[in-house]
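Overview (structure and organization)
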Amino acid sequence: MTSTHHALDYVELTVTDLDAAKAFYTGAFGWQLVDYGPEYAGIASPSGDGEVGGLLVAPEPRPAGGPLVLLYSDDLDATAAAIERAGGEILQPAYPFPGGRRLHFADPSGNELGVWAER
């Protein structure tokens, strides 16, 4: 994987329970993870070329605010159902915005992320 100067390169999510986070992200989104021990797991790139992020264990989740990580979905309603089945919480149900529809959810550690889909 080649990195690009000044481009977003890696997103790291702070989690309080690595096993719960791994179960959630593999269950809700089918992510492939790379285990690095009891305190870290890499998030494999969908292309199979390297990693795009990681799950880092910390005693407390990061405080709310700051950048919001957004994922893309081909089927937002199916994604919402998968989030709930995997133990996540829908914080803001799907709503329209100029680019399509999106929702916000919390993972088991309380991290807020969003998912969007085209109309």
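Below you will find a few notes about this structure. (Residues numbered from 1 in each chain as written. Predicted model: local features only at pLDDT ≥ 70, side-chain atom pairs only at ≥ 80, totals over all residues. Heavy atoms only, no water.)

Right, let's talk about the nonpolar core for a bit. In terms of nonpolar packing, the biggest core is built from 20 residues, with Phe24, Tyr25, Leu55, Ile83, Leu103, Phe105 and Val115 touching the most fellow members. When contributions to this core are tallied by element, the ones reaching two or more residues are strand E1 (11-15), helix H1 (18-29), strand E3 (40-44), helix H2 (76-85), strand E7 (100-106) and strand E8 (112-117). If we ignore the near neighbours within four places in the chain, the residues touching Leu103 are Leu76, Ala80, Ile83, Ile90, Gln92, Pro93, Ala94, Leu113, Gly114 and Val115. (Core = buried A, V, L, I, M, F, W, Y, C linked by side-chain atoms within 4.5 Å. Buried < 20%, exposed > 50% of the residue type's maximum accessible area, 1.4 Å probe, protein only. Helix = DSSP H or I, 4+ residues; strand = E, 2+ residues; numbered from the N terminus. Contact = heavy atoms within 4.5 Å.)

One pass over the full model with this rule turns up three salt bridges. Between Lys22 and Asp35 there is a salt bridge, with its nearest N and O atoms 2.7 Å apart. Separated by 13 residues along the polypeptide, Lys22 in helix H1 and Asp35 in strand E2 (residues 33-35) bring together distant segments of the chain. Accessibility expressed as a relative area gives 19% for Lys22, which makes it buried. (Salt bridge = Lys/Arg side-chain N within 4 Å of Asp/Glu carboxyl O.)

Note: α-helices contain 3.6 residues per turn, so residues at a spacing of three or four share the same orientation. By the burial criterion, the buried members of H2 are Leu76, Thr79, Ala80, Ala82 and Ile83. All buried residues of H2 fall inside an arc of 165 degrees around its axis, so they share one side. Of the exposed residues in H2, the ones pointing more than 90 degrees away from its buried face are Glu84 and Arg85. Those residues of H2 hidden inside the fold are in contact with H1, strand E6 (89-97), E7 and E8. Measuring from the backbone nitrogen of Asp77 back to the side-chain oxygen at the start of H2 gives 3.3 Å, which picks out Asp75 as the cap. Of the residues flanking the end of H2, it is Gly87, one or two places downstream, whose phi is positive at about 105 degrees. (Arc of directions from axis to C-beta. Polar contact = N/O pair within 3.5 Å; in protein donor to acceptor, adjacent residues only side chain to side chain.)

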